[in-house]
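Survey of secondary and tertiary structure
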Amino acid sequence: MAGLLKSLVSTSEKAAHIARLCRHEDALFHLLVAEKTGADKNQRFVQDFKTLADVLIQEVIRHDVGREFPELRDHIGGEESNEFSNGLGETVVVQVCATQGDTAALLCRVLEHNQAAAELLAAAVHQDVALGDAELDAVALNIPASELAIWIDPIDSTNEYIRGREDVVPEDGIYPAGLHSALVLVGAYERRSGCPVLGVINEPFSRWDPLTQRWHGRYHWGVSYGEERLCSLRPPPLRVPPTVVLSRAEAVATQAALAPLCGPRLRFAAGAGYKLLCVILGLADAYVLSEGSTFVWDACAPHAILRALGGGAVTLEGTLRARRAGDTAPPPQLLYNRPAEGAVGAQRWANRGGLVAYVHPQHLEAVLAAL
């Protein structure tokens, strides 16, 4: 598992580089956007987009991890289909080919025969990534990869990625929108139990360098397996009153119920993965969502890191129902191996009933009491 962790971190760094590369040139980027339709569409959005960056990153992670761990090859899932339609009306199945030249030829069809752009992306796809992370090198774990499966969200908060806003001002460290909320999420869970055990979050747009006019990234990881709790971060301190982060589309009733608990410390941000990251980093103490508008690929990686820090993520609706019935036991955590019965497309993997994410159980209980 230590080898798998390092592999996921490494491929997330490659993914982050591709995300930055695709965003750097506006002339290139306008070629890369397609609208999702039908069962693949998130019903929250009037328009729901994917980009070639999404599709390509997912296939790069699937290819690189599957090559290193063949036992995982048929157990790597993700948000996007690997079909992409270009502006000429052509639909291309995107994949990583055996050689850089073959990948460039395939991408050239997607990019409306822009050879230079295709070769640039193909070089990024086939590059080797050297981490140089001594802390990661020192991790020693023992769990067969054959017992795991993986969920990928190649670019969480795709709409913010497409808009590309770089001038958003944070409020107490939380960015309400913009490129900061676009993340690469890779999480592993146990096939049998569905419990998240390993998570990697990569922030491709963590820091803007005004001298080089380039974005720089950073990554975080966590492991929660059996009695093992390992993380690249330390648990944030327990704060009272808590800061709770919500979606701007959150129900008015939920906001009103939480206002007395949080006072002025109610915050809003884009992207499920980013809001989960805010809890992980201690910028917020809980993330509350009352609707089933997130998916397993949004939550798997952050959930594993939350568990590594002593926290977790639970279904809001089910937990509230249990509390109202007098059940005070720790609520069950979200699971990642159970498609919703009767649903189709992406909705098969929606986190129905909303969620609450937290590091400190005291914050979970405070939120549940308020709601």
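Residues numbered from 1 in each chain as written. Predicted model: local features only at pLDDT ≥ 70, side-chain atom pairs only at ≥ 80, totals over all residues. Heavy atoms only, no water.

Here the focus is the packing of aromatic side chains. Taken as a whole, this structure holds 7 aromatic pairs when the rule is applied. Where W208 meets W215, the ring centres are 5.5 Å apart and the plane angle is 65 degrees; that geometry is what we call edge-to-face. Among the residues examined, W208 registers a relative accessible area of 31% and is labelled partly exposed. (Phe/Tyr/Trp six-rings, centres within 6.5 Å; stacked < 30°, edge-to-face > 60°. Buried < 20%, exposed > 50% of the residue type's maximum accessible area, 1.4 Å probe, protein only.)

For the protein chain, mean pLDDT is 91; residues scoring 70 or higher make up 92% of the total. Scored below 50 in pLDDT, residues 34-49 makes 38 contacts in the model with residues more than four places away or belonging to other chains. (pLDDT = per-residue confidence, 0-100. Contact = heavy atoms within 4.5 Å.)

A few words now on the side chain of H220. The topology assignment puts H220 in strand 9 (residues 214-225). Accessibility expressed as a relative area gives 3% for H220, which makes it buried. Side chain to side chain, H220 and E203 meet in a polar contact 2.7 Å long. Leaving out residues up to four positions away in the same chain, H220 has contacts with G199, V200, I201, E203, S232, L233, L277, L281 and I305. (Helix = DSSP H or I, 4+ residues; strand = E, 2+ residues; numbered from the N terminus. Polar contact = N/O pair within 3.5 Å; in protein donor to acceptor, adjacent residues only side chain to side chain.)

Our next topic: the nonpolar core. By size, the foremost hydrophobic cluster in this structure holds 60 residues, and its most contacted members are L5, I18, V65, L72, L121, I150 and Y161. Sequence-distant contacts of L5, defined by excluding residues within four places in its chain, comprise L136, V139, L198, V200, W221 and V223. Counting 42 residues, the second largest nonpolar core, distinct from the first, contains L183, I305, A308 and A357. (Core = buried A, V, L, I, M, F, W, Y, C linked by side-chain atoms within 4.5 Å.)

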